[in-house]
Amino acid sequence: MDRKGNDDYQDPNNIRLSIMTSTDSSLSVSEKSASLKSAGNESLSKSICSSSSTSTENVPLEMKALRDSSKLGPADEVPLLCGESTQGTAKDVTYLCPYTGPTRGNLSVTNFKVYFRSVDRDPPFILDVPLGVVTRVEKVGGATSRGENSYGIELFCKDMRNLRFAHKQENHSRRQVFEKITQYAFPMTNKLPLFAFEFQGKYDVDGWAVYDPAQELRRQHIPNESWRICRLNEKFDVCDTYPTLLAVPASATDEDIRHVSSFRSRGRLPVLSWIHPESQATITRSSQPLVGVAGKRNKEDEKYTQFIMDANAQSHKLYIMDARPSVNAVANKAKGGGYESEDAYQNAELIFLDIHNIHVMRESLRKLKDICFPTIDDSHWLSNIESTHWLEHIKQILAGAVRIADKVESNKTSVLVHCSDGWDRTAQLTGLAMLMLDPYYRTIKGFEVLIEKEWLSFGHKFSQRVGHGEDKHSDADRSPVFLQFIDCVWQMTKQFPNAFEFNEHFLITILDHLYSCLFGTFLFNSEQHRMKEDVKHRTVSLWSFINSQMEEFMNPLYASYIHQHVLYPVASLRRIELWTGYYLRWNPRMRPQEPINLRNRELLMLKNQLQRRIEDLQREVEAKSRKSSLLSPSRRMASPMHHAHTLNR
């Protein structure tokens, strides 16, 4: 029997070297082997792969280098980024790989990463770990520990794995390594700058120019007779977590806006996210109204929602999609929040979407990590996945977004979306609904605009939810909200493989750099805070990195001419899958044997060749058409030859 026909078969040469990530890119914790260098990539100086990409593809992508010094050199040489410096090196350290067993080598700590290179394997085994992915560092064993590899350090990571290093007690190296990792993995706690402010990478493309709020509103034909651009928040005094530029109903005065803001949690009044180009039905977003237990009312808020409804001439109704379970929404009344009463808000229908809060989601991801890493229990795999409820949460978010998109597209009715504060579940729902409705957001640059707009400018608290640079691993504010959004996007790409310009590697690269702190894109909690820290001038944008090598992130199956319509993914557990390319990417058994990135590149080349051939044929047809028009009957009648032929007859 041919073992290669077995799904579980892995080429032993590939298992050992499988997970390679950019030594330069920050990416998430990455394992790579130098032997990949001979497996099709030019040189590591031209290779920068997110742990994502290679984890699912076995072979690193060839990308433009973040630095020229990333080639593998002598065993004690650490490849460094611009702005990166080595803080210490420990020799004779053992990395305890859960898949390939222990390997001995040198462990270095820089102000950006942990870098391990084996000395007992040829080619060497390399581990390149951006410290931004580390959520916790613990010492393992003590002075009385006995047994091989029982004394060392364990790193708990945000990207679905842990890393353990064993030290020899007589070397006295553990203390220094532990202190350096703790210092640079949690720079905010230690009053140090995040590495994004040290990184000096140069790119041909300015990623900060990707999103222009005014231009995106113009693309949606705003302002118009029903909607206007409001600059009342230019100094963030109306809402400090909203952007400076807001699209609001044209009927609402500045005074109305101030009154409505005072009646919404955190001042997050309803503002426009997206408008249908034909029906003028809209998606607006906000936070919960401050009705409280007493059921307070606010006439300006009620009038303002009527303005939103009136701005859509196609319908005399407004759907209010509350992301929360109804029980949670009622409980929020005790804290001064709550939801819109259908008695107070005329012609509005309130629908609860039953998406759980950040604490439930955090616990669900913890359970998922427990069953995915380091080993998989095959005999209980399906029941274990079910016990995490992760796929149920993904289904619920996707189902809520489908309902919103359907109300806007099919019912031609405007929808107001909110949760409690309007920066977590709300961003998931509006972002996904807009992705379903508008094919522009399914392009690479369009998706970048979507993230900038619905997540960054509208104040998703990335710093708190991810915990950038802080050692508070048990912080109740941490939650995988953005990860769930990207997971839902991946689910859509699986159901509509021709509808998206970007590939899986693009999504995983975004997640890797969500944690890495190499780029400034996801730093801090709001636009106001990023402006205060001058992020656009002091750091590099992730979009600079991606857009300078877009071919690496393109889906060769993308057919824009087919999918200009609305996408309605099936939000059912029959169709929702576990994203193994992300959650199980560190497990060699779960990786495809064929290098997908190389196949994608070949398909893109073939696609471009066929496209050029089509264009050539079209030019030939046009040339023949022009030539035949010159030889039309009327022109032939006027020719001397034709006249002579007629006389002879």
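Our structure is the block above this text.
Described in the following lines is the structure provided in the data block. None of these values were measured; they are calculated from a predicted model.

Digging into the overall build of the protein chain
Phase 1 of the analysis: Looking only at helices and strands, the protein chain has 22 helices and 15 strands in total.
Phase 2 of the analysis: Within the protein chain, the fraction of its 649 residues that count as buried is 57%.
Phase 3 of the analysis: Taking all contacts inside the protein chain whose residues are at least 6 apart in sequence as the whole, residues at least 24 apart take part in 71%.
Phase 4 of the analysis: A total accessible area of about 27,400 Å² is found for the protein chain, and carbon and sulfur atoms account for 50% of it.

Some points on the sheet that holds strand β14 (residues 348–352)
Phase 1 of the analysis: Pairing within the open sheet is mixed, and its 5 strands lie in the order β11-β12-β15-β13-β14. Lying at the two open borders of the sheet, with one neighbouring strand each, are β11 (271–275) and β14. Strand-to-strand, the axes of this sheet are offset by a mean angle of 25 degrees, without reference to chain direction.
Phase 2 of the analysis: Two strands pair when backbone bridges link them, and β11 and strand β12 (residues 282–286) are joined in this way by 4 bridges, in the antiparallel orientation. Looking at β12, one finds that Leu272 is bridged to Thr284.
Phase 3 of the analysis: Contacts from helix α6 (residues 299–310) reach β12, β13 (318–322) and β15 (414–418) within the one sheet, and its direction differs from that of β13 by about 120 degrees.

Here we look at the pattern of salt bridges
Phase 1 of the analysis: Here the structure, examined in full by the defined rule, presents 25 salt bridges.
Phase 2 of the analysis: Lys113 is paired through a salt bridge with Glu84; the nearest N and O atoms lie 2.8 Å apart. In this pair, Lys113 is assigned in strand β4 (residues 113–118) and Glu84 in the loop between α2 (51–57) and β2 (86–97), connecting sequence segments 29 residues apart. Like Lys113, the residue Glu84 is buried in the burial classification.
Phase 3 of the analysis: Where Arg219 meets Asp438, a salt bridge forms, and the shortest distance between an N and an O atom there is 2.9 Å. In this pair, Arg219 is assigned in helix α4 (residues 213–219) and Asp438 in the loop between α11 (425–437) and α12 (444–457), connecting sequence segments 219 residues apart.
Phase 4 of the analysis: Overall, the relative accessible area of 10% leaves Asp438 in the buried class.
Phase 5 of the analysis: What emerges from the salt-bridge pattern is a single network uniting Asp92, Arg104 and Lys168.

Here's the deal with the environment of Glu452
Phase 1 of the analysis: Inspection of the secondary structure puts Glu452 in helix α12.
Phase 2 of the analysis: Assessed through its relative accessible area of 12%, Glu452 is described here as buried.
Phase 3 of the analysis: Residues Glu452 and Trp208 lie 244 residues apart in sequence; the distance between their C-alpha atoms is 9.8 Å.

Some points on unusual backbone geometry
Phase 1 of the analysis: For the bond running from Ile222 to Pro223, omega is 10 degrees, close enough to zero to count as cis.
Phase 2 of the analysis: Inspection of the secondary structure assignment puts Pro223 in the loop between α4 and β9 (227–230).
Phase 3 of the analysis: At His172, a position not held by glycine, the phi torsion is positive, near 55 degrees.
Phase 4 of the analysis: Mapped onto the secondary structure, His172 falls in the loop between β8 (162–166) and α3 (174–185).
Phase 5 of the analysis: A relative accessible area of 68% places His172 in the exposed class.
Phase 6 of the analysis: With a phi angle near 65 degrees, Cys517 is a residue other than glycine that sits in the positive phi range.
Phase 7 of the analysis: As for its placement among the helices and strands, Cys517 is situated in the loop between α15 (504–516) and α16 (527–532).

Some words on the packing of helix α8 (residues 358–372) against helix α9 (residues 381–388)
Phase 1 of the analysis: Two elements in contact, α8 and α9, have axes whose closest approach is 8 Å; the angle formed by their N-to-C orientations is 160 degrees. Taken together, the axes of α8 and α9 are roughly antiparallel relative to one another. As for the relative orientation of α8 and α9, their crossing is right-handed in sense. Counted together, Ser364, Lys367, Leu368, Ile371 and Cys372 of α8 and Trp381, Asn384, Ile385, Ser387 and Thr388 of α9 form the full contact between these two elements.
Phase 2 of the analysis: Residues that form the contact of α8 with α9 fall into these classes: 5 nonpolar, 4 polar and 1 charged.

Topic: the environment of Ser457
Phase 1 of the analysis: With respect to the helices and strands, Ser457 occurs in helix α12.
Phase 2 of the analysis: Residues Ser457 and Pro213, spaced 244 residues apart in sequence, show a C-alpha to C-alpha distance of 9.1 Å.
Phase 3 of the analysis: Discounting residues that sit within four places of it in the chain, Ser457 has contacts with Tyr211, Thr241, Tyr242, Pro243, Glu452, Glu527 and Arg530.
Phase 4 of the analysis: A polar contact is formed between the side chain of Ser457 and the backbone oxygen of Lys453, at a distance of 2.5 Å.

Things to note about the side chain of Asp421
Phase 1 of the analysis: Secondary-structure assignment places Asp421 in the loop between β15 and α11.
Phase 2 of the analysis: Filtering out sequence-adjacent residues up to four positions away, Asp421 remains in contact with Ser265, Arg266, Arg268 and Ser287.

A few points about the nonpolar core
Phase 1 of the analysis: Ranked by size, the top nonpolar core spans 122 residues in total, and within it Phe447, Phe482, Ile510 and Tyr583 carry the most contacts.
Phase 2 of the analysis: In terms of residue count, helix α10 (residues 390–409) provides more of this core than any other element does, 10 residues in total.
Phase 3 of the analysis: Those residues within four positions of Ile510 in sequence are excluded, and the remaining contacts are Phe447, Ile451, Phe482, Ile486, Phe522, Leu542, Trp543 and Ile546.
Phase 4 of the analysis: In this structure, Leu217, Leu232, Val291 and Leu350 belong to the second largest nonpolar core, which totals 34 residues.

Parameters at a glance
Residues numbered from 1 in each chain as written. Predicted model: local features only at pLDDT ≥ 70, side-chain atom pairs only at ≥ 80, totals over all residues. Heavy atoms only, no water. Helix = DSSP H or I, 4+ residues; strand = E, 2+ residues; numbered from the N terminus. Buried < 20%, exposed > 50% of the residue type's maximum accessible area, 1.4 Å probe, protein only. Contact = heavy atoms within 4.5 Å. Areas by Shrake-Rupley, 256 points an atom, 1.4 Å probe, with all protein chains shown as cover. Pairing = 2+ DSSP bridges. Axes fitted to C-alpha atoms, helices over the stretch in contact; angles between N-to-C directions. Salt bridge = Lys/Arg side-chain N within 4 Å of Asp/Glu carboxyl O. Parallel < 35°, antiparallel > 145°, perpendicular 65-115°, else oblique. Left-handed = near helix turned anticlockwise from the far one by under 90°. Nonpolar A, V, L, I, M, F, W, Y, C, P; charged D, E, K, R; others polar. Polar contact = N/O pair within 3.5 Å; in protein donor to acceptor, adjacent residues only side chain to side chain. Core = buried A, V, L, I, M, F, W, Y, C linked by side-chain atoms within 4.5 Å.

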